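Secondary and tertiary structure notes
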Amino acid sequence: MKHLIDIKDLSTEEIDGLIEVAKDIIANKEKYSKKCEGKKLATLFYEPSTRTRLSFESAMMELGGNVLGFSSANSSSAAKGESVADTVRVIGGYADIIAMRHPKEGAPLVAAMKSEVPIINAGDGGHNHPTQTLTDLLTIQCEKHRLSDLTIGVCGDLKFGRTVHSLITAMSRYTNIKFVLISPNELKIPDYIKKDVLEKNNIEYIETQDIEEYMSDLDILYMTRVQKERFFNEDDYIRLKDYYILNKEKLEKAKEDLCIMHPLPRVNEISTDVDDDKRACYFKQAKYGKYIRMALILKLLEIN
Ligand code: CP
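Residues numbered from 1 in each chain as written. Predicted model: local features only at pLDDT ≥ 70, side-chain atom pairs only at ≥ 80, totals over all residues. Heavy atoms only, no water.

**Some details on the site of the ligand**
Short version of the rule: Here a residue counts as near a molecule or strand whenever at least one of its heavy atoms sits within 4 Å of it. As used in this structure description, the phrase polar contact means that two N or O atoms lie within 3.5 Å; if the pair is within protein, one of them must be able to donate a hydrogen and the other to accept it, and residues adjacent in sequence are counted only when both atoms belong to side chains. The method behind every accessible area is Shrake-Rupley, applied with a 1.4 Å probe, and residues are considered shielded solely by the protein chains displayed. Amino acids outside the nonpolar list (Ala, Val, Leu, Ile, Met, Phe, Trp, Tyr, Cys, Pro) and the charged list (Asp, Glu, Lys, Arg) are all regarded as polar, and Gly is one of them.
All residues adjacent to the ligand are S49, T50, R51, T52, R101, H129, Q132, P263 and L264. The contact in question runs from an oxygen atom of the ligand to an N or O atom on the backbone of T50, over 2.8 Å. In the model, an oxygen atom of the ligand is placed 2.9 Å from a nitrogen or oxygen of the H129 side chain. Considering the ligand on its own, with 250 Å² of exposed area, one finds that the protein chains cover 90% of that surface. Class assignment of the residues belonging to the shell around the ligand gives a composition of 2 nonpolar, 5 polar and 2 charged.

This is the structure we're talking about:
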């Protein structure tokens, strides 16, 4: 049995295979509409979510399966002190596959060690969010038609942003990838990502605080929200939350085929005047999330 806890659990061939299946689902939806008949997905969300939980549920429904679950710790027996390990042992008797989001880093890994059904990490603290990364890779493949030869700007909260850590890890496998890491000093990318991922894989990167400095070089601009829920000090959050606001003016020197991404939810970091720009891909990105999750459910349930 296979789980997905970290994007590193998947080989490059497996990632490419998931992207191919997702593209086939987009092109041939009817072919997949009964693939999961009789199967159930449980969504165990101990932390808030809109896209991840609902796209998982929509994905299972589009595959002909059913869904059950909870959307907050307070509406489950976690509120009475039940452990994650006990919960997944029980849910394994009710569902064939589990998608779990938890504020504690490592909780989905603990769940996987005790579970009799596949566990998908739908986000654990500031750690990992592998299905967001798969969503991002499908978006890049569909919008740029390649996963290599790209200069990628990542902007905002690079310290706490789990989507950024997973994206950099995944993209570092492909050839001729360069990163422009745009953040305030306090929210710089952690040293372990620089050493263990970027430097280890000889990936070229530049760090800057200026969103416009390298704008004309970028093929992709990946904006992120400052992660309020990860801050210990509210004053720091207030000081940093509006550090970057992407607007039409800042895009003046950008390439015509720039792809602007954001895992969403957005707060202020992309002005709504960018939404109508043909380079804004973030709402399409959220939709691609459903298709890659359909491909992942099929893979983990070993359904062809
Ligand atoms: N991108 C993302 O994880 O969104 P949600 O928090 O709404 O699931």
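**Examining the packing of helix α1 (residues 12–27) against helix α5 (residues 130–144)**
A pair of packed helices is captured by two measures, namely the crossing angle of their axes and the spacing between those axes. Heads up, the rule is: Interaxial angle, 0 to 180 degrees, is taken between N-to-C directions of lines fitted to C-alpha atoms, where a helix line uses only the stretch in contact. Under the DSSP-based scheme used, a helix requires at least four consecutive residues in state H or I and a strand at least two consecutive residues in state E, with every element numbered from the N terminus. An angle below 35 degrees is read as roughly parallel, one above 145 as roughly antiparallel, one from 65 to 115 as roughly perpendicular, and any other as oblique. Crossings are classed by handedness, with left-handed meaning an anticlockwise turn of the near helix from the far one by less than a right angle and right-handed meaning a clockwise turn. Note on definitions: a residue-residue contact is assigned when non-hydrogen atoms from the two residues lie within 4.5 Å.
Here α1 crosses α5 at 65 degrees, and the two axes come no closer than 10 Å. The angle between α1 and α5 places the two elements in the roughly perpendicular class. The hand of the α1/α5 crossing is right-handed. In contact with I15, L18, I19, A22 and K23 of α1, α5 contributes L134, L137, L138, Q141 and C142. Classifying every residue of the contact of α1 with α5 gives 8 nonpolar, 1 polar and 1 charged.

**Things to note about the packing of aromatic side chains**
Pairs of aromatic rings are described using the distance from one ring centre to the other and the angle between the two planes. Convention followed: Stacked, tilted and edge-to-face pairs are distinguished by plane angle, under 30 degrees for stacked and over 60 for edge-to-face with tilted covering the rest, among Phe, Tyr and Trp rings (Trp via its six-membered ring) whose centres lie within 6.5 Å. Under the scheme applied here, a residue whose accessible area is under 20% of the maximum for its type counts as buried, over 50% as exposed, and between as partly exposed, the area being computed with a 1.4 Å probe on protein chains only. When the NZ atom of lysine or the CZ atom of arginine is within 6 Å of a ring's centre and also within 35 degrees of its normal, the charge is said to sit over that ring.
Overall, the coordinates contain 3 aromatic pairs when judged by the stated rule. Ring centres 5.2 Å apart and planes at 85 degrees place the aromatic pair Y46 and F70 in the edge-to-face group. Of the two residues, Y46 sits in the loop between β1 (40–45) and α2 (51–62) while F70 sits in strand β2 (residues 66–70), which places them 24 residues apart along the sequence. Each member of the pair Y46 and F70 is classed as buried. Judged by centre distance (4.9 Å) and plane angle (65 degrees), the ring pair of Y243 and Y244 falls under edge-to-face. The buried category is assigned to Y244, whose relative accessible area is 7%. Sitting above the plane of the Y32 ring, K35 keeps its charged end 5.7 Å from the centroid. Taking the ring centre of F56 as reference, the NZ or CZ of R293 above it sits at 5.2 Å.

**What about the environment of S166?**
Tracing the sequence through the fold places S166 in helix α6 (residues 162–171). In this structure S166 comes out as buried when scored by relative accessible area, which is 1%. A C-alpha to C-alpha distance of 9.4 Å links S166 and T131, two positions 35 residues apart in sequence. Filtering out sequence-adjacent residues up to four positions away, S166 remains in contact with I7, N128, H129 and T133.

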